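A structural walkthrough
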Amino acid sequence: MNIVTCLAPINIAVIKYWGKRDESLILPTNDSISATLDINQLCAKTTVMISQDFKKDCIWLNEREEDIKNPRLQNCLNEIRKLSQLPSHMNDWKIHISSNNNFPTAAGLASSAAGYACLTAALAKLYKVECDISLIARSGSGSACRSVLGGFVRWHMGSDKYGTDSLAKQIAPVSHWPEMRILLIVVNGERKKVSSTIGMKKSMETSELMQYRIANVVPERVDKMQRAIIQKDFKTFAELTMKDSNQMHAICLDTYPPFTYMNNISHSIINFIHSYNDAVDDIKVAYTYDAGPNATLYLMEKDVPAVMGALNYFFPPSENIVEYKRGLPIETTKPSQDLLEKLKFQKQLPGQFQYIIHTKVGDGPKYLYDPQDHLLDGQGNPIKYI
């Protein structure tokens with residue numbers, strides 16, 4: 001069977017990719033750094049299949065047929081076909097693609113990164129291509145190049161005008177910092193109103209802060225972040241993560257006309273995190289926001305029970321909510337009276353969060369070989385995802 005199924009993870013940047021120096025080649029204005037999250041909690045799943053019997057190329061995303069002529073999808077497909085090691089006649093066979101995410105799409109949770117990393121990895125195996133696929137994944141979605149690797153990853157902006165050196169490299173594997181944990185707080189899973197692509201373009205065109213960031217901030221900050229990861233210096237890691245997130249969203253406000261991805265709950269979480277760190281007189285938890293309202297919190301495994309207990313107290317879940325805590329099991333420690341008195345933050349109304357996902361740093365894409373895992377049947381038609 002000429003069929004391949006792959007899973008690929010999301011990645012959450014701690015030094016942001018925001019802005020392109022070349023729109024068509026998706027070349028960034030600066031380096032970025034991210035952590036790849038465990039595939040067992042959040043992933044894209046893609047099945048690709050070629051057959052001489054297919055009449056045309058087709059793609060289904062979350063069981064809905066989409067436009068196969070999407071330029072970025074065609075970038076990936078064309079590059080893989082150029083490098084194909086299949087018999088020449090098979091390269092002309094049409095392809096069917098089915099892909100699903102097990103988390104909200106286009107809600108600022110790096111769905112395009114996981115999706116294009118998954119597509120590229122699946123296509124590479126199908127067409128027997130062996131090369132650095134981060135370059136090809138980047139042509140679909142910039143941050144997808146970071147999702148083809150596990151652990152902590154740096155996307156080097158490169159200097160070649162054709163992008164041959166704009167690729168992702170691993171800073172450290174999963175085993176390097178196993179104590180790191182992540183809490184993803186989903187406050188709104190709806191599709192964002194301003195896409196990342198449009199937002200970046202507007203910022204590049206109109207934001208003076210954006211130009212200052214490119215020239216004066218990120219070159220030094222990205223190296224500091226890499227050192228912090230290598231040295232497992234959580235305090236520096238956390239401070240840089242929060243500052244970089246703040247700056248990206250400040251650029252969105254500095255863009256003309258301005259736009260926002262965060263909402264009131266997003267800002268409440270920021271205030272809570274700073275209040276919590278002040279109350280415990282240490283930096284125990286860091287927040288970061290991609291192009292959406294949903295928070296990603298980085299913290300150490302030993303601090304998860306206390307942080308989760310404080311979150312539960314100040315952001316109580318709705319009484320009738322189902323599957324509020326997802327992912328890895330979460331132990332919760334009830335906050336002490338002393339902490340509550342020190343923590344200068346007002347308790348919120350129940351139901352501010354839709355759910356929380358507890359996860360960790362994970363590996364890159366993996367392949368599934370059981371026919372029952374495919375998203376396409378023997379005739380190349382999509383199978384309902386479970």
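Right, let's walk through the structure included here. Since this is a predicted model, take the numbers as computed values, not measurements. As a convention, each chain's residues are numbered from 1 in the sequence order in which they are written. Predicted model: local features are reported for residues with pLDDT of at least 70 only, side-chain atom pairs are reported and counted for 80 or more only, and whole-chain, interface and lining totals are derived from all residues. With hydrogens and water stripped out, all remaining heavy atoms of the structure feed into the side-chain values.

1. Things to note about helix H2 (residues 111-126)
We count a stretch as a helix when DSSP gives it H or I for four or more residues in a row; a strand needs E for two or more, and each element gets its number in order from the N terminus. Given a helix with a known number of residues, its expected span is that number minus one, times 1.5 Å. For H2, with 16 residues, the first-to-last C-alpha span of 22 Å sits near the 22 Å given by 1.5 Å per residue. Buried residues are those whose accessible area, probed at 1.4 Å on protein chains only, stays under 20% of the maximum for their type, while exposed residues exceed 50% and partly exposed ones sit between those limits. Within H2, 14 of the 16 residues are buried, which leaves the element mostly enclosed by the surrounding structure. The positive-phi residue at the C-terminal boundary of H2 is lysine 128, with phi of around 55°.

2. Quick notes on the layout of surface pockets
One number sums up the size of the second largest pocket: a volume of about 320 Å³. We place a 1 Å grid over just the protein atoms. Points where a 1.4 Å probe fits but has no way out form a cavity, open points with protein on both sides within 12 Å along at least 5 of 7 lines form a pocket, and any residue with an atom within 4 Å of a point lines it. Taken together, 14 residues line the second largest pocket, and the ones lying closest to its centre are Leu25, Glu79, Leu135, Arg138 and Ser139. If you list the elements that add at least two residues to the lining of the second largest pocket, you get helix H1 (71-83) and helix H3 (134-138). Residue type decides the class: Asp, Glu, Lys and Arg count as charged, Ala, Val, Leu, Ile, Met, Phe, Trp, Tyr, Cys and Pro as nonpolar, and the leftover types, Gly among them, as polar. Each residue belonging to the lining of the second largest pocket can be placed in one class, and the counts come to six nonpolar, five polar and three charged. Grid points are joined across faces, edges and corners, and a volume is the space filled by probe spheres set on the points.

3. Structural notes on the pattern of salt bridges
One side-chain nitrogen of Lys or Arg within 4 Å of one carboxyl oxygen of Asp or Glu is enough to make a salt bridge. Summed over the entire model, instances satisfying the criterion amount to 14 salt bridges. Between aspartate 290 and lysine 16 there is a salt bridge, and its shortest N-O distance comes to 2.5 Å. Of the two residues, aspartate 290 is situated in the loop between strand E13 (285-289) and strand E14 (295-300) and lysine 16 in the loop between strand E2 (11-15) and strand E3 (20-22); the sequence distance between them amounts to 274 residues. Each of the two residues, aspartate 290 as well as lysine 16, counts as buried. Across the pair aspartate 282 and lysine 284 runs a salt bridge whose closest N-O atoms are separated by 3.8 Å. Overall, aspartate 282 belongs to the partly exposed group, its relative accessible area being 34%.

4. Observations concerning the packing of aromatic side chains
When two rings of Phe, Tyr or Trp (its six-membered ring) have centres within 6.5 Å they constitute a pair, described as stacked for plane angles under 30 degrees, edge-to-face for angles over 60, and tilted for the intermediate range. Per the counting criterion, the structure on display carries 16 aromatic pairs. Relative to tyrosine 298, the ring of phenylalanine 237 lies with its centre 5.4 Å away and its plane at 85°, an arrangement referred to as edge-to-face. Within this pair, whereas phenylalanine 237 is found in helix H7 (residues 234-254), its partner tyrosine 298 is found in strand E14, the two being separated by 61 residues in sequence. Pair check on accessibility: phenylalanine 237 and tyrosine 298 agree, each one buried.

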